[in-house]
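Secondary and tertiary structure notes
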Amino acid sequence: HTTHTTHTTHTTHTTHTTHTTHTTHTTHTTHTTHTHNNYRLVKKLLMARTNAYESGVRVVGTMDEVRTFMLQLCIALQKYGAAAYNLEYNMGMVAQHFGIDASFFALRTLIIATFGPTKGQNGQTHVFSAERGFHSEKLFLTDQLCTSLHRHELSFTEAKQQLEAIVSMPERYGPLIRVLATAGAGGGVGALVFGLGWLDIIVAILLGLISGLLTLLGNQYPSFGRITEFFASATVAFLARFFNDFITPVCEPAIVFAAIVWLLPGLGVTVAMMEIATRNLISGTVGFFFSLIIMLELGMGLALGSRGANTLWEFQPTYCEALSPWYDFLWAPMYLSCAYILFSAHPRHWLPMFGSSALAYVSVQFFSGVLGYGYEITTTVGAFVLTVYCNLWAKYTKNPPISLLMAGILMLVPGSVGVRGLKAFIGDANDTVSAITFTFQMFIITLAITMGVFVGNAIAFPQPSLVYKIIIPYTNDEEAAQPADSGRKDTKEEQWASNTALPFFSTARRKSAVV
């Protein structure tokens, strides 16, 4: 081959060949290029089979690099709010993509990652601390990264770069905006959920502003952060009683709960119950008792603030006046917009998130107000309808449904019910029956949300499920990858690649690698 190429070059530079010779030269050059392309194809496929993947045929770094990337991805999922079952599912998909035997165990502040032994390396176990928070935008992007890896849409280098970009992404909403959003959420939920009047809403916004400032102070100073819930609830309860007794009568109990709405642990209780239901018993139990401690701190603070005011001056009766339900169309966008800011959601996600929240709220109002069902049935149906909507949206937009699901569950969570029960138990010793009633009502609502979400996932999960097999004609990715009217026959190289046993390639992916 080398000799022939040299001869061809010499002929080109020194002599004029005949037409026949030139034709032969052209034919032989084409054959040489074709052979060289086949060699490159075989080399790529063999590299993919033994090592893994780049540009359709991926190339993975060393085993240590892959493990480090997976640990960083696991920490990111934990910090951005992934539940234990969601974290383990995503990390299992990533481990399957890389062909690594790995298992992950997540608690609220702890992660244990175990990697099985490989050729030339022993198994490894990593234990590290990572406290669970919630960041809607980063959780959405991290979840999307895991899904893209599972679908073989990213190379290892691209996935690494994306994870680094997600982690280093600055906060979209500053501290001042978050404080104002806390105040707005207090006023919005006071009108939407507790039925406050105009004056009550203004007072709830002012007290919500104080609650937001104290929360910001707790985030800046960890020593104060340990008592933020207790101190904020006591301060709000004391000031609400002062306003009611010395300025003008207001609906003091509802104002207090509206002002501390973002401190209520209803979402944490619901996620913990879901973890227990998915057999993540330790993680769910730890999360549940953590939420219970938060409720105890809030209930103790509310009781202390109210009793402290009662010891200083004489208690005056409260006055509650509700607005017309038609004003809900004004307060709902206000509350939800502030909630999405506190969730750190991207603005382009607000519209579908608003759809999920509105759907959950309307479902509950319809089944309770129109059909007259109890809160157990209405909450279950609302969670079911919400989950089906989120999963259908995820199926046809190819985006994770986690942000929409959390936004909808926000309209169903029972945090205020549990705190009401604890306040009744702590604040008034003669109201034990009401305290027990409120507490069990919280448990029932949480279980209703959990069952509604699970049934919705069983009916319409983003992967093939009952709704796609029965109602919607489902076409898998390999069939969708082939145009119906193309009529083009596969080349010999594509046919050979399709018949080659590559465990991590579907037929469509093998053909795209060849192309």
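Since the model is a prediction, treat every value here as computed from it, not as a measurement.

Let us now look at the overall build of the protein. Helices and strands together make up the secondary structure of the protein, namely 23 helices and three strands. A total of 515 residues make up the protein; the buried ones form 44% of that total. Sequence-distant contacts, at least 24 apart, represent 73% of the contacts inside the protein between residues at least 6 apart. Summed over all atoms, the accessible surface of the protein reaches about 26100 Å², with 63% contributed by carbon and sulfur.

Below, the discussion takes up the packing of aromatic side chains. Applying the stated criterion to the full structure yields 18 aromatic pairs. Ring geometry for phenylalanine 288 versus phenylalanine 443: centroids 5.6 Å apart, planes at 40 degrees, classification tilted. With phenylalanine 288 in helix H13 (residues 281-312) and phenylalanine 443 in helix H19 (residues 432-459), this pair connects stretches of sequence that are 155 residues apart. A relative accessible area of 13% places phenylalanine 288 in the buried class. Members of the aromatic cluster, connected to one another through ring pairs, are Phe238, Phe242, Phe246 and Trp313.

This part takes up the pairing of strand S2 (residues 110-115). Along a regular strand, successive side chains alternate from one face of the sheet to the other. Only one face of S2 is buried, namely the one carrying Ile111, Ala113 and Phe115, since none of Leu110, Ile112 and Thr114 on the opposite face is buried. Both strand S1 (residues 102-106) and S2 contribute to a ladder of five bridges, which runs antiparallel. Each residue of the ladder has a partner; that of phenylalanine 105, found in S2, is isoleucine 112. Where S1 folds back on S2, the antiparallel hairpin that results is connected by three residues.

Across the protein, pLDDT averages 75, with 72% of residues at or above 70. Taken as a whole, residues 1-59 scores under 50 in pLDDT and shows 48 contacts with residues more than four places along the chain or in a different chain. Of the regions scoring below 50 in pLDDT, residues 464-515 engages in 65 contacts with residues more than four places distant in sequence or in other chains.

Turning our attention to helix H16 (residues 375-397). The first and last C-alpha atoms of H16 sit 32 Å apart over 23 residues, in line with the 33 Å expected at 1.5 Å per residue. Taken together, the buried positions of H16 are occupied by Thr378, Thr379, Gly382, Ala383, Leu386, Thr387, Val388, Cys390, Asn391, Trp393, Ala394 and Lys395. Just downstream of H16 lies lysine 398, where phi reads positive at about 60 degrees.

Parameters and conventions
- Residues numbered from 1 in each chain as written.
- Predicted model: local features only at pLDDT ≥ 70, side-chain atom pairs only at ≥ 80, totals over all residues.
- Heavy atoms only, no water.
- Helix = DSSP H or I, 4+ residues; strand = E, 2+ residues; numbered from the N terminus.
- Buried < 20%, exposed > 50% of the residue type's maximum accessible area, 1.4 Å probe, protein only.
- Contact = heavy atoms within 4.5 Å.
- Areas by Shrake-Rupley, 256 points an atom, 1.4 Å probe, with all protein chains shown as cover.
- Phe/Tyr/Trp six-rings, centres within 6.5 Å; stacked < 30°, edge-to-face > 60°.
- Pairing = 2+ DSSP bridges.
- pLDDT = per-residue confidence, 0-100.
- Expected span 1.5 Å × (residues − 1).

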